[in-house]
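# Understanding the architecture of this molecule
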Amino acid sequence: MKVKLYIFKDDGSRKAVSVRSGKHVIGRGDDASIRVPLASVSRKHCEISVTDDQVRVRDLGSSNGTKRNYQEVNEAELRPGDVLGVGDVLFTVQINDEPVNISRPEPPLDSEGGSADSSMMDTPPVAKPGLLSGTDASSSFDFDFDLDDP
């Protein structure tokens, strides 16, 4: 199964983090597979599990929770196009190249036209240079938005 997590920068540029089969911790700790060094992200925030037929996320007792499509979850299956919230960071999930067109996630609106989820960022995912680092199946990288993997 081919899995990518996309994150967007303020200017609309994006970076994809490839997630290979197995279990991977997202967190701010040095030992996290996908490292997000922000105070809103716990050292071991959540775990992504990729098998041949399923992608799952499991919260690891994080302080600020893990969300799928803006709803807090302890454990859930991730599907193509889902928005994964880890602290204040939002990822768009792509599985086996679906959805084809990845766009910046927009938080759902409440009945008055405002953001329905005030615990996520005021604007959808913001990444700053050096924000995210991790490894994929082939190499290590810093999340600096050199868009070599659009």
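My aim in this report is to walk through the structure given alongside it, one point at a time. (Residues numbered from 1 in each chain as written. Predicted model: local features only at pLDDT ≥ 70, side-chain atom pairs only at ≥ 80, totals over all residues. Heavy atoms only, no water.)

Across its full length, the protein holds zero helices and 13 strands. From first element to last, N terminus to C terminus, the protein shows the α and β order β-β-β-β-β-β-β-β-β-β-β-β-β. With 150 residues in all, the protein has 46% of them scored as buried. Contacts spanning at least 24 positions in sequence make up 44% of the contacts within the protein whose residues lie at least 6 apart. Approximately 7,600 Å² of the protein is accessible, and the part contributed by carbon and sulfur atoms is 42%. (Helix = DSSP H or I, 4+ residues; strand = E, 2+ residues; numbered from the N terminus. Buried < 20%, exposed > 50% of the residue type's maximum accessible area, 1.4 Å probe, protein only. Contact = heavy atoms within 4.5 Å. Areas by Shrake-Rupley, 256 points an atom, 1.4 Å probe, with all protein chains shown as cover.)

What follows is about the pattern of salt bridges. Applying the stated criterion to the full structure yields six salt bridges. With a shortest N-O distance of 3.7 Å, K44 and D31 are connected by a salt bridge. One end of the pair, K44, is in the loop between strand 4 (34-35) and strand 5 (46-50); the other, D31, is in the loop between strand 3 (22-27) and strand 4, and 13 residues separate them in sequence. Owing to a relative accessible area of 56%, D31 belongs among the exposed residues under this scheme. The salt bridge involving E75 is made with R56; its shortest N-O contact spans 3.3 Å. Linking E75 in strand 9 (residues 75-77) with R56 in strand 6 (residues 55-59), this pair joins segments that are 19 residues apart in sequence. You can call R56 partly exposed: its relative accessible area is 25%. (Salt bridge = Lys/Arg side-chain N within 4 Å of Asp/Glu carboxyl O.)

On to the pairing of strand 5. Most of strand 5 sits out of view: five of its five residues are buried. Side-chain alternation along strand 5 places C46, I48 and V50 on one buried face and E47 and S49 on a second face that is also buried. Of the pairings in the sheet, the one linking strand 3 to strand 5 comprises five bridges and is antiparallel in character. Looking at the pairing, G22 lines up with V50 of strand 5. Summarising the sheet, strand 5 and strand 6 pair through five bridges and their orientation is antiparallel. Within the sheet, the bridge partner assigned to E47 lies in strand 6 and is R58. Adjacent in sequence and paired antiparallel, strand 5 and strand 6 are bridged by four residues. (Pairing = 2+ DSSP bridges.)

What follows deals with the pairing of strand 6. Residue alternation in strand 6 divides its side chains into a buried set, V55, V57 and D59, and an unburied set, R56 and R58. In the sheet, strand 6 pairs with strand 9 via three bridges, with the strands oriented antiparallel. Residue pairing in the sheet places R56 in a bridge with E77 of strand 9.

You can see V19 is positioned in strand 2 (residues 14-19). Using a relative accessible area of 4% as the deciding quantity, one classes V19 as buried. With residues up to four places along the chain from it excluded, the contact list for V19 reads V3, L5, H24, I34, I48 and V50.

The strand order across the open sheet built from six strands is 2-1-11-10-7-8, with neighbouring strands paired in antiparallel fashion. The sheet is open, and its two borders are formed by strand 2 and strand 8 (71-73), each paired with just one other strand. In this sheet, adjacent strand axes meet at a mean angle of 35 degrees when their direction is disregarded. In the sheet, strand 10 (residues 83-86) pairs with strand 11 (residues 89-95) via four bridges, with the strands oriented antiparallel. (Axes fitted to C-alpha atoms, helices over the stretch in contact; angles between N-to-C directions.)

Purely spatial values, then, with no claim about function.
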